[in-house]
Every structure is written in C-alpha cells, then in structure tokens.
Amino acid sequence: MCGVCGTYSPAGRFDRGVVAAMHSRLVHRGPDETYSLNTESLAVKLGRLGMNGLADGWQPAEDRGGRYVAMTNGEVYNAGELRRRVGADHLANGVDVAVIPELVARHGIGGLSLVDGQFATVILDRAENALILARDRFGICPLYYTVTDSGVHFCSELKALVQGIDRSWRLDVGAVDQYLSLGNIVAPRTLVRGVHAVPPGCAVLFRAGDRQPETHRYWRYGEFEPAAETPSGAELRECLRQSVRDRLHADVEIGAYLSGGFDSSVILMESAALLDRPIRTFSVVFDDPALDEGRFQREVSELAGSKHEQIQCSRSDVVSAFEEMVRHCCYPQRETYNVSAMMLAGAVRAAGVKGVVSGEGADELFFGYDSYAFDSSPLSRRTARPENEQAWGRADFGWEVDWRRVDRRRDTYLTRRAREALAGQEFWRTRLIPFSEDEVRSLSQMQLRSISDVYVQLSGHLLGDHGDAMVMRSSVEGRYPFLGNSVVAAALRTSDQAKMVDFEGKACLRSAYAGIVPDSVLRRGKHGFTAYGLREITDERTWNGWRELVAACGVFDPGALDAGPDQGPADKWDFTISVISTAMVMDELRLEL
C-alpha cells in the first residue's frame, strides 16, 4: 500500500509544484521509494511502501503496446494468474500491480473486475490523452479528486489534497447530515464541497474537452445467487484459507490483528496453520473490564502459538491523542476507538512488521450484526417512508436510520444557518447503494442490509478512517482475507438461512470453524469496536477548548456539547464526539460553511 497523487491537465498548463506539495504530505504512506511520471498533460508521484517485488519491481508500469501507463498503489494477489491470462507472464517487472495497464488494454475498464486485491490506480490513456482513476471492489485503498480551473487533482488522502491546493474550501453540509444520520459519509461524497471520493468498484474517466467526468462501475457487491446446494463448511474454509495464504505472501513480514472476537480468531488460526514460524499478533487491551477482551485474545494466541503483543490503551492515551487522530484522518468520529487503532499500528511498525491481516468484512458478508437477527424475524414491523425509497430504493427499508430523531438531531446540533444551507441536500435525497428500485425489490431484507452495510459502513468507515488512515499513518498495510474474491463469491452463493440460524449470524462460518476456534470465542456475542467515552475522561479545560472550536466553526449550535442524549433508548454513538471531530476537521482543512 502506497500513496499516490497528481495533476492532470489536457492542455498541459498546470503547476507541477502542487503535486510536490501533496506528495510531501504523503510520506508516511510510502517512505521506501518515490516514483514519478511526467508527461505534457500529467504529473504523478507515488510513495512506495515496499511489500513485494523489492528487487525487480518498479513503476510506472505500461502495457506491451504502450497505450496505457499506470501508477498504482496496493496489492494484486492473483497477479500470477492474471499475467498468464493476458499473456504477460514473461514481463520483467516483478511488482504485482504492473499487470493493471495490461488488463485495461485487453479488457477495458471491466478488466479491473478480475483483480483479487486492493488498489487505487492512476492510468493515462496515451491514445486519447485521457485519465482513469479507479479503486478496488470494496474501496480498501482510498482515492480522492477535485476539478479546478487548473485541472484534475487527485490524491490518496483528503487532507493532503485539500492542503496541497492553495484555494478556499467549503464544507459540504449534506455530508454532515449523512454523518449525523448514518454515522458515515458515503462515496463519492466527502466533507469538502467539490472534492469527491472515487466510489468502490468504480473508475472515473476524464477526457480532454469534456466538462464532467464519467463514472464507470466495473463491479458491485450484492449479486446474490444462492446455490441449490449451499457451500459446505469445508468449502468455506478452503476459500478463506486460500485468501489468507495470498495475503500472507510478501517479501516482508506480515502479522495479524487479534481483537479476541470470532473473525480475527479465524484469520489467525488459518494463518498459523499456513506458516512455518510463529506469526506475530497484536491486540489492544483496556483498564475497563467492560471494554477489555484480553483473556480471549490470550486464549486464541496460545492455541495458535503466535508471538503475541498487547498494547495498553489508557484513558489518558485517548484524551492526549484524540485530536491528533482526528486531524490526521480528517474524518468525523463517533467513538474514541480509533485512538487505540492508531496506537496499535504504531506498535506493529515499531516491532518491524509492515503488514497485518485483519477480519473486516465477515459481518457484512455473512450477516453478523444484531440487526440481521431483527430482519430475520417474521414479527418485525417496518414503517414505509418515501425518503427510504429515494435513499435505498425501497420505502420499507431504512437501514440504521432512526427517523424519530433525524429532525430533532438537526435542530439540536446544527445552527440555523447550517439548517438553511442543508435544505435540499438532506442525506436521503441521494441513492446510497448502486441498485435500482426494480433490483432492490428482488432482495431479501437481510440481503439489502448486507449491501447497505458494505457501501455505507464498511467502505467508508471500517476500511477508511478506522482501517487505512490508522494503519498507513505508521506505514503499515492492512490486508483483509474475508474480502478475497473467492470468499465473497462463496458468501453470495450462501443462502440467508445458512447465514442466520436461530437468530445467530455467521452461523455457517461458526459451524465451519467449530473445533478450530475455541468455544469461548465461537459462541461470543458481537463485541463492536468500543473504547472510553470522551466526555467522562476529559477535563473541563480541554472540553472548554473544544467547545470554543465547535462554536467558531459556525455549523453547530454552541450548546451542542451540553445536549443530553435523546429521550428514549440510548443512541448508538455519542453525537458530541461527532460534533467535536467535525469542527476539528473544519479547522484543520480551513473549511468555511
């Protein structure tokens, strides 16, 4: 995983210093080497975090005909298979992502669907003098862009892009509404008006003379085709084992995150069985018994025979590093857990490990969240709303939105000026998943939730500010075996009834790993990413400083930090953290309302 940035101007008139300014802010993503690509219309820099092809790999890479030249960050785990498929297995370039331009030359943008991996790629079509920006299927690797009078600017990180271009920027109030309503911001939207995220599974094409880019979706999650005979436990294990094997392959050491939950335990058990040495594992532990999962982590580590390291995260750590974390990732927060995620990645790098495998994706693909159990109940009742139809394509599906509180939340937290600016930009006015009304009608409630979980929660948050932003800050690459192509294909062929049994999610996976993962972990309930509450551990001086920051941003009511929870059941997250972190991002990026 590396960092890429650049500027494209078909007329050839642009400031190459902007690229250097962006790249200087991305050194943490690629400290090992820097590659450059310069043409009359394009300037690109890539900072490399070397994981493979260390002795015989380089960038930029191009297809044999010379039409397409690419700079790509990330990993292509099935590069050998793809090279043979396109007849390029004889090429000398040993870096796996070098196959990308050959795929596009042979199969067009649709060829990217063949990649099993994670990538963000910048491709120049020399014949058309056109630019292609593309991301992997699930958006593991980030890529942002903006169009200005001087050209198209793009970058692996939002902060580096915005700070590298000397102009005034404004807040996208609709993105704030998305966050307050969904707890996430959905691509292509970002907090910055006029700055877009390339959507997962998409390529954005810029042609000379065109006023607007074209977005091409080459793959989407959610093509459920349950097989007549659901995949067996042995087949699921084999798919996951191969995906783990691929993601452990590197010229450097790969470790594993171990939360103490089922998903990371499965990944560790497979990793330990594949390696001829003890794998390095890393966990966070807390002083609070309600948060700490240390005993489960130790039990699994001992069974797997891993070399385990626990990182202690205290209340003082959270208070002292919370603002640093937010200003680094420039993404609103709804809990403090990312501080511990940032500490964890730092410990991994300090141990000399450059990559980790982790369990993200299992809950979304195999129905692991508690909400799936609700969907599976024949007694569940859902209120139809026209807003749901616009957002999700179906009036009786509202994902995690609590419609009783949406308007009340806006009134409580937003200033009058912000509410006026929001009119017509409310989160539900944008289709949030890449499915039409007709397509959605054919999906079960659990399938529709799975799709929504992937596009709203997994891609933007779990793989984004919680994943990529935290690990790459310390020059560590995250790898996610549950998102391997074979595992995803198996999940799409597995019936709802096999995934959810007696209101227990991931039932097919749990059955497949019975006797392999300890029973204490196998039967645990879902334990989400949680850490200390921010208000309860923050002194008044710090809190008052944040209160002043919130008041100064002009978006949130000055009394927002004193607002208690809504009446009724407790909210899923602390909205004061969302308010504070958004104000911090606005200050860091100098955003105006």
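These numbers come from a predicted model, not from an experiment.

## With respect to the overall build of the chain
- A count of helices and strands for the chain gives 24 helices and 19 strands.
- Overall size of the chain, expressed as C-alpha extent along the three principal axes, is 65 × 60 × 50 Å.
- Here the chain, with 593 residues, has 62% of them falling under the buried criterion.
- Taking contacts inside the chain between residues at least 6 apart in sequence as the whole, the part at least 24 apart equals 73%.

## Topic: the sheet that holds strand β16 (residues 307-313)
- Sheet architecture is open: five strands sit in the order β16-β15-β14-β17-β18, paired in parallel fashion. Because the sheet does not close on itself, it has two edges, and the strands there are β16 and β18 (477-479). With direction set aside, neighbouring strand axes in the sheet form an average angle of 30 degrees.
- Sheet topology places strand β14 (residues 254-257) next to strand β15 (residues 280-286); two bridges connect them, and they run parallel. Bridge pairing links Ala-256 to Thr-281 in β15.

## Side note on the state of the cysteines
- All chains considered together, the criterion is met by zero disulfides.
- Not engaged in a disulfide, the cysteine Cys-329 finds its nearest cysteine sulfur in Cys-330; these two sulfurs lie 6.8 Å apart.

## Some words on unusual backbone geometry
- With an omega of 5 degrees, the peptide bond running from Gln-59 to Pro-60 counts as cis.
- Positionally, Pro-60 belongs in the loop between β3 (42-48) and β4 (61-62).
- Omega for the peptide link from Ala-187 to Pro-188 comes to 15 degrees, which places this bond in the cis form.
- Inspection of the secondary structure assignment puts Pro-188 in the loop between α5 (173-182) and β11 (195-197).
- At Asp-502, a residue that is not glycine, the phi angle is positive and equals roughly 50 degrees.
- Backbone geometry places Phe-503, a non-glycine residue, at a positive phi of 65 degrees.
- Looking at the secondary structure, you find Phe-503 in the loop between α19 (496-499) and α20 (507-512).

## Here's the deal with the pairing of β3
- Across the seven residues of β3, six count as buried, placing the element largely inside the fold.
- The sheet contact formed by strand β1 (residues 3-8) and β3 spans six bridges and is antiparallel. Of the residues in β3, the one forming a bridge with Gly-6 is Val-44.
- Bridge count for strand β2 (residues 33-38) against β3 is six bridges, and the pairing is antiparallel. Following the sheet pairing, Leu-37 is matched in β3 by Val-44.

## Structural notes on the sheet that holds strand β9 (residues 151-155)
- Strand order in this open sheet of six strands is β2-β3-β1-β9-β8-β11, and the pairing throughout is antiparallel. Among the strands making up the open sheet, the edge pair consists of β2 and β11. When strand polarity is set aside, the average angle formed by the axes of neighbouring strands in this sheet is 15 degrees.
- Across the sheet, helix α1 (residues 17-24) lies against β1, β2, β3 and β9, angled at about 165 degrees from β1, the strand it touches most.

## Regarding the packing of helix α6 (residues 233-248) against helix α7 (residues 262-274)
- Where α6 meets α7, the axes come as close as 9 Å, and the angle between the chain directions of the two elements is 70 degrees. In terms of their interaxial angle, α6 and α7 are classed as roughly perpendicular. For the pair α6 and α7, the sense of crossing is right-handed. Here Arg-237, Leu-240, Arg-241, Val-244, Arg-245 and Leu-248 of α6 come into contact with α7, specifically with Val-266, Ile-267, Glu-270, Ser-271 and Leu-274.
- By residue class, the composition of the contact of α6 with α7 is six nonpolar, one polar and four charged.

## With respect to the side chain of Ser-358
- Tracing the sequence through the fold places Ser-358 in the loop between β17 (355-357) and α11 (362-366).
- Within the structure, the side chain of Ser-358 is placed 2.5 Å from the side chain of Glu-360, a separation counted as a polar contact.
- Aside from chain neighbours lying at most four places away, what touches Ser-358 is Tyr-257, Ile-267, Arg-479, Tyr-480 and Pro-481.

Thresholds, definitions, all that
Residues numbered from 1 in each chain as written. Predicted model: local features only at pLDDT ≥ 70, side-chain atom pairs only at ≥ 80, totals over all residues. Heavy atoms only, no water. Helix = DSSP H or I, 4+ residues; strand = E, 2+ residues; numbered from the N terminus. Buried < 20%, exposed > 50% of the residue type's maximum accessible area, 1.4 Å probe, protein only. Contact = heavy atoms within 4.5 Å. Pairing = 2+ DSSP bridges. Axes fitted to C-alpha atoms, helices over the stretch in contact; angles between N-to-C directions. Disulfide = S-S within 2.5 Å. Parallel < 35°, antiparallel > 145°, perpendicular 65-115°, else oblique. Left-handed = near helix turned anticlockwise from the far one by under 90°. Nonpolar A, V, L, I, M, F, W, Y, C, P; charged D, E, K, R; others polar. Polar contact = N/O pair within 3.5 Å; in protein donor to acceptor, adjacent residues only side chain to side chain.

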